[in-house]
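A closer look at the structure
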Amino acid sequence: MQNVIEFEQTRRDINWKNLSIVIVFHLLTIPALFVFSWQNLAAMLIGNWIVGSLGVGLGYHRLLTHRSFKAPKWLEYTLTVFGAMAIQDDAPKWVATHRIHHKFVETDKDPHSTRPGFWWAHMEWILRGTAQDHDHATLQKYVPDLLKDKFHVLLAKYYYVPLVVSGVVLYAIGGWSMVLWGVFARVGFGWHSTWLVNSATHFFGKRRFTTKDDSTNNALVAILTFGEGWHNNHHAQPTSARHGLKWYEFDMNWLTIRVFEKLGWAKEIRRFEIKKVPTELKRAA
Ligand SMILES: [Zn+2]
Ligand SMILES: [Zn+2]
């Protein structure tokens with residue numbers, strides 16, 4: 001308990017920049033509800049697939065953070081541009097945060113540790129304290145691969161530009177109402193989906209593997225995040241490109257990696273399979 005209190009005190013300062021952004025995006029989701037159309041909903045859902053699945057799940061997480069497969073640079077950069085549109089910070093900061101999460105999971109050094117509670121792990125860690133604002137030494141330690149890459153360094157500086165461009169394109173297609181759906185509601189929905197991986201899949205669900213953390217497999221979060229909700233499988237084998245290990249564990253991001261493989265775009269794919277018990281042993285048992 002003492003630890004939790006100290007942890008809270010060191011991180012209680014409100015991060016006004018993050019708080020303002022989160023409030024604005026949430027508030028602008030309200031008028032979106034009054035200008036519903038099927039086209040606007042489609043803009044949000046397609047955008048959520050491009051950004052949430054291809055950008056965050058495949059790009060930021062499975063490729064950049066864990067290097068679970070090899071991809072040509074053009075594909076890596078494209079996925080990173082999609083990831084930037086999630087407004088979950090630039091790739092080097094996001095990747096550093098996530099690598100730190102895996103290394104120090106459920107301790108004071110875990111940026112979104114579940115120890116202070118569900119809401120801290122979900123979004124409080126972004127609204128109070130330093131969140132993903134790592135200093136250069138931390139970035140140098142955790143993401144030297146990205147800092148060496150000129151494209152990633154440049155995009156990190158202007159990571160909000162792809163979102164602005166997407167807003168202009170959506171405005172040209174469907175006016176302001178499509179911007180409300182395709183930018184603001186889409187970003188808000190994407191935030192909570194990703195945040196549920198940090199919160200819900202460390203609290204609710206089933207545990208297949210006895211990992212040192214509290215990670216769980218949660219079907220609802222997996223649906224919302226295109227497969228990232230098989231989080232206990234992921235913590236058990238973080239470098240595996242495949243998170244849903246059973247046929248019923250739907251993992252859209254993994255299926256997309258398989259498509260990339262067929263197209264010759266994804267190579268050296270790291271794959272974790274549940275070890276099959278040899279038939280002889282099964283018979284003997
Ligand atoms: Zn986790
Ligand atoms: Zn991970």
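Above this text is the structure in question.
Along each chain, numbering runs from 1 in the same order as the chain's sequence is written. The naming scheme follows written order: chains are lettered A onward, ligands numbered 1 onward. Note on the predicted model: pLDDT of at least 70 is required for a residue's local features to be given, and 80 or more for side-chain atom pairs to be given and counted; whole-chain, interface and lining totals, by contrast, use all residues.

The secondary structure content of the protein chain amounts to 15 helices and zero strands. For 285 residues, the compact-globule estimate of 2.2 N^0.38 gives 19 Å, and the C-alpha radius of gyration of the protein chain, at 19 Å, lies within 12% of that figure. Taken along its principal axes, the extent of the C-alpha atoms in the protein chain is 65 × 50 × 40 Å. Here exposure depends only on C-beta density: within 10 Å of a residue's C-beta, 20 or more other C-beta atoms make it buried, 12 or fewer make it exposed, and intermediate numbers make it partly exposed, the C-beta atoms being placed from the backbone. A burial count over the protein chain gives 44% of its 285 residues as buried. We call two residues in contact if the C-beta atoms placed from their backbones are at most 7 Å apart. Put simply, of all contacts in the protein chain between residues at least 6 apart along the chain, 67% involve residues at least 24 apart. Each helix is a run of H or I in the DSSP string that is no shorter than four residues. Each strand is a run of E no shorter than two, and both are numbered from the N terminus. Each radius of gyration is computed over the set of C-alpha atoms, and the globule rule expresses the reference value as 2.2 Å times the number of residues to the power 0.38.

Looking at soluble globular proteins, one finds that nonpolar side chains tend to be buried together. Counting residues in hydrophobic clusters, the biggest one holds 44 residues, and the most contacted among them are Ala91, Val95, Trp181, Ala185 and Ile257. Among the secondary structure elements, those contributing two or more residues to this core are helix H4 (38-65), helix H5 (73-84), helix H6 (91-103), helix H10 (150-157), helix H11 (161-198) and helix H14 (252-262). Examining the composition of this core, we find that eleven residues originate from one element, H11, more than from any other. When buried Ala, Val, Leu, Ile, Met, Phe, Trp, Tyr and Cys residues are joined through C-beta atoms within 7 Å, the set is termed a nonpolar core. Formed by seven residues, the second largest nonpolar core is a distinct cluster that contains Val197, Ala200, Ala222 and Leu224.

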